[in-house]
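Results of the structural survey
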Amino acid sequence: MHVQPSTSPDRLVLTEAALAAADRVWRAEMRRNYGPDGVLTYAFSPEGQGDLGTSLRRTYEARRVAVALWRHERHRAPRLVT
């Protein structure tokens, strides 16, 4: 068994931390806009994205980008090969 080389395992850790931070900010904005159940109620609807130019849309977009970067790095992470 060996590990395939990756650019850096630290990049996965960094993107995971960035995703967690972006998610916290977006969730806080959802609570501010829709109350304590905002994420549960609106996360997967257009309301969860917010209107163009709003703080909710900016936090949604930042989270969306963070998810994409994390997924990209996760696929590049070292894998055990048998």
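In what follows, the accompanying structure is described. Everything quoted here is computed from the prediction, not taken from an experiment.

How each quantity is defined
Residues numbered from 1 in each chain as written. Predicted model: local features only at pLDDT ≥ 70, side-chain atom pairs only at ≥ 80, totals over all residues. Heavy atoms only, no water. Helix = DSSP H or I, 4+ residues; strand = E, 2+ residues; numbered from the N terminus. Buried < 20%, exposed > 50% of the residue type's maximum accessible area, 1.4 Å probe, protein only. Contact = heavy atoms within 4.5 Å. Areas by Shrake-Rupley, 256 points an atom, 1.4 Å probe, with all protein chains shown as cover. Expected span 1.5 Å × (residues − 1). Core = buried A, V, L, I, M, F, W, Y, C linked by side-chain atoms within 4.5 Å.

1. What about the overall build of the chain?
Helix and strand content of the chain: 3 helices and 2 strands. The proportion of buried residues among the 82 residues of the chain is 26%. A separation of at least 24 residues holds for 64% of the contacts in the chain among residues at least 6 apart in sequence. Carbon and sulfur atoms form 58% of the exposed surface of the chain, whose accessible area is close to 5900 Å².

2. Some details on helix α1 (residues 9–34)
With 26 residues, α1 extends 37 Å between its outermost C-alpha atoms, agreeing within 8% with the 38 Å of an ideal straight helix rising 1.5 Å per residue. Inspection of α1 places Thr15, Leu19, Ala22, Asp23, Trp26, Glu29 and Met30 among the buried residues, and these make up the whole buried set. At its buried positions, α1 is contacted by α2 (38–42) and α3 (55–76). In the segment just after α1, Gly35 is the residue with positive phi, at about 90°.

3. Points about the side chain of Glu29
Counting through the fold element by element, Glu29 comes out in helix α1. Look at Glu29 and you get buried, because its relative accessible area is 10%. For Glu29, the residues in contact, after removing those within four places along its chain, are Ser55, Leu56 and Thr59.

4. Quick notes on the nonpolar core
Burial of nonpolar side chains together is a common tendency in soluble globular proteins. In this structure, Trp26, Met30, Val39, Ala43, Leu56 and Tyr60 together form the largest nonpolar core, which totals 6 residues. Those elements giving two or more residues to this core turn out to be α1 and α3. Setting aside its immediate chain neighbours within four residues, Trp26 contacts Val39, Ala43, Gly48, Leu56, Thr59, Tyr60 and Arg63. Formed by 5 residues, the second largest nonpolar core is a distinct cluster that contains Leu19, Ala22, Val67 and Trp70.

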